[in-house]
Structure formats: structure tokens, C-alpha cells
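Report on the structure
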Amino acid sequence: MAAITRGGRAVALAVLTAFSLAVSGCASQEEAAQPGSGASAGTGTIKEGLKVAFLPKQVNNPYFDASDNKGGKVAVEEFKGVYSQTGPSEASPSAQVSYINTLSQQGTDVIVVSANDKDAICGALQEARAAGAKVVTYDSDTNPSCRDLFINQAGPEGIAASQIKLISEAIGEEGGEIAILSATANATNQNTWIEMMKKELAKPEYAKLTLVDTVYGDDDDQKSFQETQGLLAKHPDLKGIISPTTVGVAAAARYLSASEYKGKVQLTGLGTPNQMRAYVKDGTVKAFALWNPSDLGYLAAYAGGALASGLITGKEGETFQAGRLGDYTVGKDGTVLLGDPFVFTKDNIDDFDF
């Protein structure tokens, strides 16, 4: 199974007994009204020839390769637009600014960006919007005033709840010390999830889990590997690590799999099946979660196309059609939810290829 399609998510939900998220990517099936009326549907046709550029946190990242090149590109080709991907090789707060400026100067119709920092790129995005570009954020948001729509992979509360539940189940009833290996210190989504995880840990059922440290691998494989090593040296009683970033969780798994801590220190996080398959099969990781990144990019592209074609304006209550994924509704603060993440284990990981 190459992707979790909207129909496939119905199957996925049947096995999501590990956790339940209070979000849904399903749009309402309201009758179409005029765009901008608050409960409208983008029922027209997306313009052909739209220039849609994806600007991830960093290029050559497996997660963004899947979201952009296997999701966004497919969508753009479906509505006969012109797709491109550009961006920095390293994730840093200001690295994306020059790329935004260039895209604006090139007359890009839609800029789809995953923000390394919620504030650092706002000025450049506002200039791009003033020049006529529609801005869609995905994966990691800016301040809402800096973009037209945010395509959220899932609600932060649900992601946090799933991560804590998975590490708790992996460690067992005895509990113990846990740590978080994050991406960059300024990543909006990471920081939101971490705060939500702390709130989740305050619940009585997790009283035996203690968060002792949070470190940052900057979405760099080698630094994430070293930070994992440092956590284990600093905290000899550590029982578990949560890494809610695809680069970090794969690097941590690589370290643990070849160390004396394999099977003793549990690991979970957000990763792709292709990155994590070997570590699940060798027992380094019992379970991890992720939405389908290609669906995230696909939805972001259709949202941008609908905006640039005047089918929607980004107001709460508007609906639009997103190709094979079906209809979606714009929520509060211009946010569109993709849907529920999926838990991968040794029993199902071979069913997926991304």
C-alpha cells in the first residue's frame, strides 16, 4: 500500500486502539454557497498553469520528499499547474527568507511553506502576499496573520496524547525517566507538541513517568544521533525517548539499535515507515506514529490552488475539494485538519511504503 488514501484511513481508524484524537480531516457535506459567505464550497475549477512552489524546512529531508514530491507534485499535476520545490539544506529560523523573496520576484502564484520559525519569515511572506501570492503553511505554522491557510497534520492535543501513550505502553507499568529529542528550538509545531505533552504527563495515569530533559537535534541526522548519545550519558536511569520529528526518531533508533541500550531504553516518535522499518523489526522500536506526509502535501497543494483560483478566501466555514481526498472545511484561524495519525507496529509496517 503506497499511501493512506482518504478511503484507506477508514481502515486505519479501525486499528487505532492505542489512542483517540479529537480531530477529523473530514469536511462537512454542506450544500455549496458563494465563496466567502462563511459556509461556502469551492465548487469551481482550479485555474490551469498556476505556479505552485513548496518551501520545506529543509530539502533532502525524507519527510518533505514524501510530502512535496510524492504529494504536492501529484496534486499540482492533477490540476495542470507548474510544481517546484526549493529551500535551504539546513533548518534555521531565517534560512527560508531569501527563498521566499525569490519566489515572490518570480511571480509564484502559491507558496506552500513549512516554517522553521513562526515569526522570522513573516515579513517576507507578507511582501509575497502583497505581490499577489497566496501563502499556505503546512506541517509547521507561522503567525496566522502571515498566511492564508494552515494545513495541519492533526490537532496538537491528539499528537501529544498519542506520543505519551505510546511511550508509556512501551516502558510498562513501572514507568521511569523519559526525555524528548526535538527538531529546532524555534519550530512552532514541535514546541506546541512539547507543551501539550507536558500537560498530558500531569494526568494521574502517567504519574510514574518523569520528563527529565528536552534536547534539540535541529533536524540534522548526525546532531540528533549525538544528542541521543548525550541523553543516555547524562541520564543513566533513562527509560524512554520521544522524538516527534522524522529525522530525530530515525537517528535515535540507529544509535539505540547498535548500543547496549537496545531493548532497555524505549523509543517512540513521529517517523515514516521506510525510515523505521528495520528498527521496528529488530525490536528497537515497538510502535511509532505519523500521518501520511504525501497526503499532507497533496492537500496543501489543492488548498493553494483553490485560494489562487478564487474558489475560497480562507474564511472559517468555507469548503473546498481536494482531489482524491474529498472535501475539506476551513476551521478557526484559517486551519484545515488533514486527519488522524496512524500507529505503526511490526504487524502492519510492511503494508506501507513512504
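In this report, we go over the structure that sits alongside the text. (Residues numbered from 1 in each chain as written. Predicted model: local features only at pLDDT ≥ 70, side-chain atom pairs only at ≥ 80, totals over all residues. Heavy atoms only, no water.)

**A look at the packing of aromatic side chains**
Let me state the cut-off plainly: Pairing of aromatic side chains requires ring centres within 6.5 Å, counting the rings of Phe and Tyr and the six-membered ring of Trp. Pairs whose planes differ by under 30 degrees are stacked, by over 60 edge-to-face, and all others tilted. Think of it as a cone above the ring: NZ of Lys or CZ of Arg counts as a charge over the ring if it is within 6 Å of the ring centre and within 35 degrees of the ring normal.
On inspection of all chains with the given rule, the structure shows 14 aromatic pairs. One aromatic cluster in this structure is built from Phe-54, Tyr-63, Phe-64, Tyr-83 and Tyr-138. Its end group placed over the ring of Tyr-298, Arg-324 keeps NZ or CZ at 4.1 Å from the ring centre.

**Observations regarding the state of the cysteines**
Spelled out, the test is: Throughout, a disulfide means two cysteine sulfur atoms within 2.5 Å of one another. Helix numbering and strand numbering both begin at the N terminus, where a helix is a DSSP run of H or I of at least 4 residues and a strand a DSSP run of E of at least 2. Burial classes: relative accessible area under 20% of the type maximum marks a residue as buried, over 50% as exposed, and values in between as partly exposed (1.4 Å probe, protein chains only).
Across all of its chains, the model carries 1 disulfide by this definition. Between Cys-122 and Cys-146 runs a disulfide, and the two sulfur atoms are separated by 2.0 Å. Taking the torsion about the S-S bond as the criterion, the Cys-122 to Cys-146 disulfide, at about 100°, is right-handed. Here Cys-146 lies in the loop between β5 (134-138) and β6 (149-152) and Cys-122 lies in helix α4 (residues 122-130), a separation of 24 residues in the sequence. Here Cys-122 matches Cys-146 in class, with each residue buried.

**Some remarks on the packing of helix α8 (residues 246-257) against helix α9 (residues 273-281)**
The cut-off we apply is this: To obtain an axis, a line is fitted to C-alpha atoms, over the contacting stretch when the element is a helix, and the angle between two such axes runs from 0 to 180 degrees between their N-to-C directions. Note that the term roughly parallel is reserved for angles under 35 degrees, roughly antiparallel for angles over 145, roughly perpendicular for angles of 65 to 115, and oblique for everything else. Handedness of a helix crossing follows the sense of rotation of the near helix relative to the far helix, less than a right angle counterclockwise being left-handed and clockwise being right-handed. Here a residue-residue contact requires only that any non-hydrogen atoms of the pair lie within 4.5 Å. Side-chain classes are defined by residue name, with Ala, Val, Leu, Ile, Met, Phe, Trp, Tyr, Cys and Pro counting as nonpolar, Asp, Glu, Lys and Arg as charged, and the others, Gly among them, as polar.
At their nearest, the axes of α8 and α9 sit 10 Å apart, and the two run at 25° to each other. With respect to α9, the element α8 is oriented roughly parallel. Between α8 and α9 the crossing geometry is left-handed. Contacts between α8 and α9 involve Thr-246, Val-247, Val-249, Ala-250, Ala-253, Arg-254 and Ser-257 from the first element and Gln-275, Met-276 and Tyr-279 from the second. Split into classes, the residues belonging to the contact of α8 with α9 amount to 6 nonpolar, 3 polar and 1 charged.

**Details of the environment of Glu-227**
In this fold, Glu-227 is placed in helix α7 (residues 221-234). Of the residues examined, Glu-227 reaches a relative accessible area of 23% and is grouped as partly exposed. When the C-alpha positions of Glu-227 and Val-215 are compared, they lie 6.8 Å apart, and in sequence the two are 12 residues distant.

**Quick look at empty space enclosed by the protein**
What counts is decided by this rule: Both cavities and pockets are sets of points on a 1 Å grid over the protein atoms alone; in a cavity a 1.4 Å probe fits but cannot get out, in a pocket the set is open with protein on both sides within 12 Å along at least five of seven lines, and lining residues sit with an atom within 4 Å of a point. Grid points are joined across faces, edges and corners, and a volume is the space filled by probe spheres set on the points.
One pass over the structure, following the stated rule, counts 1 cavity of 30 Å³ or more. In this model, the largest cavity occupies a volume close to 120 Å³. Looking at the largest cavity, it is lined by 15 residues, and the ones nearest its centre are Tyr-63, Asp-139, Gln-190, Thr-245 and Thr-246. Of all the secondary structure elements, the ones that give two or more residues to the lining of the largest cavity are α2 (62-78) and α6 (188-201). By residue number, the principal contributor to the lining of the largest cavity is α6, which donates 3 residues. Classifying every residue of the lining of the largest cavity by side-chain character gives 7 nonpolar, 5 polar and 3 charged.

**Points about the pattern of salt bridges**
Cut-off, in case you're wondering: By salt bridge we mean one thing: a side-chain nitrogen of Lys or Arg within 4 Å of a carboxyl oxygen of Asp or Glu.
Considering all chains together, one arrives at 15 salt bridges under this definition. The residue Arg-129 makes a salt bridge to Asp-148 at a minimum N-O spacing of 3.0 Å. Of this pair, Arg-129 sits in helix α4 while Asp-148 sits in the loop between β5 and β6; the two residues are 19 residues apart in sequence, bridging distant segments of the chain. Within this structure, Arg-277, Lys-281 and Asp-350 form a network of salt bridges that share partners.

**A closer look at the pairing of β6**
To be explicit about the condition: Should DSSP find at least two bridges between two strands, the strands are taken to pair.
Burial of the side chains of β6 extends over both faces: Leu-149 and Ile-151 are buried on one face and Phe-150 and Asn-152 on the other. Where β6 meets strand β14 (residues 335-337), 3 bridges bridge the pair, whose relative direction is parallel. Bridging across to β14, Asn-152 finds its partner in Leu-337.

**Observations regarding the sheet that holds β14**
Strand order in this open sheet of 6 strands is β3-β2-β4-β5-β6-β14, and the pairing throughout is parallel. The open sheet has two edge strands with one neighbour each: β3 (82-85) and β14. Taken over all neighbouring pairs, the strand axes of this sheet differ in orientation by 20° on average, direction set aside.

**Re the sheet that holds strand β8 (residues 209-216)**
Spatially, β8-β7-β9-β10 is the arrangement adopted by the 4 strands of the open sheet, whose pairing is parallel. Each edge of the open sheet is held by one strand with a lone partner, namely β8 and β10 (266-269). Ignoring strand direction, the axes of neighbouring strands in this sheet form an average angle of 20°. Sheet analysis places strand β7 (residues 176-182) next to strand β9 (residues 238-243), joined by 4 bridges and oriented parallel. Within β9, the position partnered with Ile-178 by the bridge is Gly-240. Sheet contacts for helix α5 (residues 156-171): β7, β8, β9 and β10; angle to β10, the most-contacted strand, approximately 160°.

**Digging into the environment of Gln-229**
Inspection of the secondary structure puts Gln-229 in helix α7. Accessibility expressed as a relative area gives 39% for Gln-229, which makes it partly exposed.

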